[in-house]
Amino acid sequence: MDLTAALENLVPALETGLAEVSSLARLEDIQVAFLGRKGALARLMSRLPELPAAERPAFGRAANAVKERLAALLEDARLRLGREQEAADLARFDPSLPGRLPWQGSLHPITLVMEEISDVFQAMGFEIASGPEVETDFHNFEALNFPPDHPARDMQDTLFVAEGVVLRTHTSPIQVRAMLERKGPPVAIIAPGKVYRRDSDLTHTPMFHQIEGLLVDSRVTLAELRGVLTMFVRQLFGRDIAVRFRPSFFPFTEPSVEADISCILCAGTGRAQNSPCRVCKGTGWLEILGAGMVHPNVFSAVGFNPETCSGFAFGLGVERVAMLKYGIGDLRMFFENDLRFLAQFS
Ligand code: DAH
């Protein structure tokens, strides 16, 4: 076959090859066979010297035209194969299948309850306060009117770190720090945090959480304490919740009270499903926190004038509130870090 005829033959030959090609890899092979350095076109070009000199320029132009045509055919084939591939991928893809969501963590129920309670008090104008978990005897006991060797210190099952240094046994030292910082009334703080006691059984863990509240101004009364606490428990547990105070004792308050709320399961009736309510054990009431009017000795210890200041304080156990709120029966659930439990709060 003469050279020119061979050259012109390349286009139909490629068309035939491309008609059958069904993969991009095979297309690459064909491209190399036609346009590669040792491909059909290159081989024809290398025979240029066989032609008479006068015919060479025309052959060269024809070869370039064929080369462009081949390249265009190859490009069309590449686009077609790309579209076919995409269509095949789409046919395999089922958009109705549920997606695979990445695992997402969630806040711990104790954190959720602490945030919720803090929000309620912040809305009433209380500021968030905090303090160290390793605390001095002064802040944890002395300034709170526990004299040295007072038996009340035993009540607290203290974990001692060093002489005069303890793991705080309650959040009450944050009251002391808040008053020392502000140097005078008004003070309105809410302080969530971890506390530690040498206690471990079914209903006690060596670490647990409390929220401390403190309001100091010039004429704060027990009536305000009752009002604020009533507002708070109604926001947390519902509008119909009632509050009652029972006399109690804390060294840092006088008078001191335990505050109960009407049972959230039996609505204070003491009976549920025709038997004594299991949440309040038939009493109709749930103990929720300790509180009282700030003791004059506490004011003196932080440099506030007990003659002109008055205030209330309260301390609440977060685990207990979380158990009531979410209907959790076993305190240890909070600390086992079982994801089947924790994931329910996301
Ligand atoms: N700190 C007390 C405790 O851990 C709780 C408490 C009671 C805090 C009365 C107070 C309060 O601020 O006024 O048991």
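From a predicted model like this one, the values you see are computed outputs, not experimental measurements. (Residues numbered from 1 in each chain as written. Predicted model: local features only at pLDDT ≥ 70, side-chain atom pairs only at ≥ 80, totals over all residues. Heavy atoms only, no water.)

Here's the deal with the sheet that holds strand β1 (residues 127-128)
Then, number 1: Pairing is mixed in the open sheet, where seven strands are placed in the order β1-β5-β6-β12-β11-β8-β7. Each edge of the sheet is formed by a strand with only one pairing partner; in this case those strands are β1 and β7 (243-250).
Then, number 2: By the bridge criterion, eight bridges tie strand β8 (residues 253-262) to strand β11 (residues 285-294) in an arrangement that is antiparallel. Of the residues in β11, the one forming a bridge with Ser262 is Trp285. (Pairing = 2+ DSSP bridges. Helix = DSSP H or I, 4+ residues; strand = E, 2+ residues; numbered from the N terminus.)

Notes on helix α11 (residues 318-326)
Then, number 1: Among the residues of α11, those classed as buried are Val318, Glu319, Val321, Ala322, Met323 and Leu324.
Then, number 2: Contact partners of the buried residues in α11: α5 (109-123), β6 (207-217), α9 (222-237), β11, β12 (310-317) and α12 (333-336).
Then, number 3: The positive-phi residue at the C-terminal boundary of α11 is Gly327, with phi of around 65 degrees. (Buried < 20%, exposed > 50% of the residue type's maximum accessible area, 1.4 Å probe, protein only. Contact = heavy atoms within 4.5 Å.)

Section: the site of the ligand
Then, number 1: By nearness alone, 15 residues border the ligand, and His170, Ser172, Arg197, Gln210 and Glu212 come closest of all.
Then, number 2: Separating an oxygen atom of the ligand from a side-chain N or O atom of Gln175 is a distance of 3.0 Å.
Then, number 3: Here an oxygen atom of the ligand and a backbone polar atom of Ala313 are 3.1 Å apart.
Then, number 4: Burial of the ligand by the protein amounts to 91% of the accessible area it has alone, namely 350 Å².
Then, number 5: Those elements giving two or more residues to the shell around the ligand turn out to be β6, β11 and β12. (Near = heavy atom within 4 Å. Polar contact = N/O pair within 3.5 Å; in protein donor to acceptor, adjacent residues only side chain to side chain. Areas by Shrake-Rupley, 256 points an atom, 1.4 Å probe, with all protein chains shown as cover.)

Considerations on the pattern of salt bridges
Then, number 1: Applying the stated criterion across every chain yields a total of 16 salt bridges.
Then, number 2: Between Arg80 and Glu84 there is a salt bridge, with the nearest N and O atoms lying 3.3 Å from each other. Of the two residues, Arg80 and Glu84 are both situated in helix α4 (residues 56-92); the distance of four residues between them amounts to about one turn of the helix.
Then, number 3: By relative accessible area, Arg80 is classed as partly exposed at 27%.
Then, number 4: When its relative accessible area of 40% is taken as the criterion, Glu84 is described as partly exposed.
Then, number 5: A salt bridge links Glu135 to Arg177; the shortest N-O distance between them is 2.7 Å. With a gap of 42 residues between them, Glu135 in strand β2 (residues 134-136) and Arg177 in helix α8 (residues 173-182) connect regions that are remote in the sequence.
Then, number 6: On the basis of relative accessibility, which here comes to 1%, the residue Glu135 falls in the buried class.
Then, number 7: Relative accessible area serves as the criterion here: at 24%, Arg177 is assigned to the partly exposed category.
Then, number 8: Taken together, the shared-partner salt bridges connect Arg244, Arg246, Asp260 and Glu287 into one network. (Salt bridge = Lys/Arg side-chain N within 4 Å of Asp/Glu carboxyl O.)

With respect to unusual backbone geometry
Then, number 1: The step from Pro185 to Pro186 runs through a cis peptide bond, and the omega angle for that step is 0 degrees.
Then, number 2: You can see Pro186 is positioned in the loop between α8 and β5 (187-196).
Then, number 3: Note the cis peptide between Glu254 and Pro255, where omega equals -5 degrees.
Then, number 4: Structurally, Pro255 is set in strand β8.
Then, number 5: In the Ramachandran plot, Asp149 falls in the positive-phi region, its phi being about 65 degrees despite a non-glycine side chain.
Then, number 6: One can find Asp149 in the loop between α6 (137-140) and α7 (152-155).
Then, number 7: For Asp149, a relative accessible area of 76% corresponds to the exposed category.

Some thoughts on the packing of aromatic side chains
Then, number 1: The full count for this structure, using the stated rule, is 12 aromatic pairs.
Then, number 2: Aromatic pair Phe334 and Phe335: ring centres 6.4 Å apart, planes at 70 degrees, arrangement edge-to-face.
Then, number 3: Taken together through their ring pairs, the aromatic side chains of Phe121, Phe126, Phe232, Phe312 and Phe314 make up a single cluster.
Then, number 4: We note Arg226 situated over the ring of Phe245; from NZ or CZ to the ring centre the distance is 5.3 Å. (Phe/Tyr/Trp six-rings, centres within 6.5 Å; stacked < 30°, edge-to-face > 60°. Lys NZ or Arg CZ within 6 Å of the ring centre and 35° of its normal.)

Considerations on the side chain of Arg197
Then, number 1: In this structure, Arg197 sits in the loop between β5 and β6.
Then, number 2: Buried and unpaired, Arg197 has Asp199 as its nearest opposite-charge partner, separated by 6.2 Å. (Lys, Arg positive; Asp, Glu negative; His and termini not counted.)

Considering the domain arrangement of the protein chain
Then, number 1: Per the domain assignment, the segments of the protein chain are domain 1 (3-92) and domain 2 (109-345).
Then, number 2: Here the C-alpha centroids of domain 1 and domain 2 sit 85 Å apart. (Domains from an automatic or database assignment.)

Some points on the pairing of β6
Then, number 1: Counting buried positions along β6 yields eight of 11 residues, so the element is predominantly enclosed.
Then, number 2: Here 10 bridges tie β5 to β6, and the two strands are oriented antiparallel to one another. Within β6, the position partnered with Val195 by the bridge is Phe208.
Then, number 3: Relative to β12, β6 runs antiparallel, the two being bridged by eight bridges. Its bridge partner being in β12, Asp217 is matched across the sheet by Ser310.

What about the nonpolar core?
Then, number 1: Ile117 and Phe314 are the most contacted members of the largest nonpolar core, which totals 48 residues.
Then, number 2: At seven residues, α9 tops the list of elements feeding residues into this core.
Then, number 3: Sequence-distant contacts of Ile117, that is, excluding residues within four places in its chain, are made with Ile211, Phe232, Leu236, Leu316 and Val321.
Then, number 4: Among the nonpolar cores identified, the runner-up in size contains 24 residues, and Ile174, Val187, Leu214 and Val216 belong to it. (Core = buried A, V, L, I, M, F, W, Y, C linked by side-chain atoms within 4.5 Å.)

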